[in-house]
Structure formats: C-alpha cells, structure tokens
Amino acid sequence: MNEMLIRLRKVFNDSRESQTLIAQKLGVTSAYIWKILNKDNVSPRKLFIDSVCKQFNINENWLRTGQGDMYNIPLDDTAIAASNILENEDVPFYDTIKRIIQIYEKLDSDAQDVINKEIEDFLESAKKK
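Residues numbered from 1 in each chain as written. Predicted model: local features only at pLDDT ≥ 70, side-chain atom pairs only at ≥ 80, totals over all residues. Heavy atoms only, no water.

K.L.:
How do you make sense of the overall build of the chain when you look at a structure like this?
P.N.:
Per the secondary structure count, the chain includes 8 helices and 0 strands. Across the chain, helices and strands are ordered from the amino to the carboxyl terminus as α-α-α-α-α-α-α-α. Its C-alpha atoms give the chain a radius of gyration of 22 Å, clearly above 14 Å, the size a compact globule of 129 residues would have. Overall, the C-alpha framework of the chain stretches about 60 × 30 × 30 Å when taken along its three principal axes. Within the chain, the fraction of its 129 residues that count as buried is 22%. A fraction of 44% describes how many contacts in the chain between residues 6 or more apart in sequence connect residues 24 or more apart. As displayed, the chain has an accessible area near 9,600 Å², and 52% of this comes from carbon and sulfur atoms. Each charge sign in the chain was given a centre, from 18 positive and 21 negative side chains, and these centres are 10 Å apart. (Helix = DSSP H or I, 4+ residues; strand = E, 2+ residues; numbered from the N terminus. Rg over C-alpha atoms; globule rule 2.2 N^0.38 Å. Buried < 20%, exposed > 50% of the residue type's maximum accessible area, 1.4 Å probe, protein only. Contact = heavy atoms within 4.5 Å. Areas by Shrake-Rupley, 256 points an atom, 1.4 Å probe, with all protein chains shown as cover. Lys, Arg positive; Asp, Glu negative; His and termini not counted. Charge placed at Lys NZ, Arg CZ, Asp CG, Glu CD.)

K.L.:
I tried to follow the side chain of R9 on my own but got confused; where do I start?
P.N.:
Mapping R9 onto the fold places it in helix α1 (residues 3–15). A polar side-chain atom of R9 sits 3.4 Å from the main-chain carbonyl oxygen of L37. (Polar contact = N/O pair within 3.5 Å; in protein donor to acceptor, adjacent residues only side chain to side chain.)

K.L.:
Would you explain the pattern of salt bridges in this entry?
P.N.:
Oppositely charged side chains may form a pair once their charged atoms are brought near each other. A full pass over the atoms with the stated rule returns 7 salt bridges. One salt bridge in this structure joins R9 and D40, with 3.1 Å as the shortest N-O distance. Taken together, the residues R9 in helix α1 and D40 in the loop between α3 (30–38) and α4 (46–56) connect sequence positions 31 residues apart. By relative accessible area, R9 is classed as buried at 13%. (Salt bridge = Lys/Arg side-chain N within 4 Å of Asp/Glu carboxyl O.)

K.L.:
I tried to follow the environment of A31 on my own but got confused; where do I start?
P.N.:
One can find A31 in helix α3. Owing to a relative accessible area of 53%, A31 belongs among the exposed residues under this scheme. Sequence spacing of A31 and Y104 is 73 residues, and the spatial spacing of their C-alpha atoms is 54 Å.

K.L.:
What am I meant to see in the environment of F122 here?
P.N.:
Positionally, F122 belongs in helix α8 (residues 109–128). Judged by relative accessible area, F122 falls into the exposed class, the value being 57%. When the C-alpha atoms of F122 and A31 are compared, they prove to be 59 Å apart, with 91 residues separating the residues in sequence.

K.L.:
Can you help me understand the environment of N59 in this one?
P.N.:
Mapped onto the elements of the fold, N59 is located in the loop between α4 and α5 (60–65). Each C-alpha atom, one on N59 and one on A126, is 39 Å from the other, the two residues being 67 residues apart in sequence. In contact with N59, other than residues within four places in its own chain, are C53, Q67, G68, D69, M70, Y71 and N72. Polar contacts involving the side chain of N59 include one to the main-chain amide nitrogen of N61, which spans 2.9 Å. Of the polar contacts made by the side chain of N59, one reaches the backbone oxygen of D69; its length is 3.1 Å.

See the structure below:
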C-alpha cells in the first residue's frame, strides 16, 4: 500500500472533520476524499498535496516520506519577522544581526543575562522617548 495514502488518511482522521467538509476545504469532491480513505490505488497530484499541507498545517516532507514532524510548527509574528530578516541578505543590517546571534549563542548564561538586561533597559528607554 502507498505509505503516503496512510499518512493522508491519518491527517483526515485526526482532523475529525467530515469527508464533505474536508472536500470543501480542499476544493475536491467528497467522492475523491472517500476514494483516498478507502482505495489503495489513488495517486494524489502535487496541487492536492500542497492544499492538504496548507489547510491542515502539515509538513510536506512528512506527508511524502514519513520523515520529520507531522505538523509544521507555527511561528509567532516575531519569529516570522526574524526569519524574514535572516532569509534576506539585502536587509541593511543582515550581517550585524547574524553576527550578534552567533556571538550570543557562544556566551555563557551569565553573560547572556547581562545582555538581556541591557536590551530590556534599552527597549524601556526607547518606549519613553
């Protein structure tokens, strides 16, 4: 049996949603969802897989190969902003931020605490201005 179909079935079963609702979310027919859940000869297309991953927050690598975490880890706004900066080398202070992170990680916890306190004080001061 196709291992990816087993994982797709897990996604749909774990969602606890009806076949009709799953079909609506994915833009397919209920009959197609039924086929995935009950037949072993279905080969979903990339567009369908992409839609499943997006709608159910599924890690595509896990869905296709079984490797990695089932779910994508949601990022908060700060993590998204940091990721955007660190993925874009055109940001003017990209190298500075990267270097700060690299140095910070090498510091012992006491030194990190000092830096954390200084940054908190700086941010409080900046708020007042």
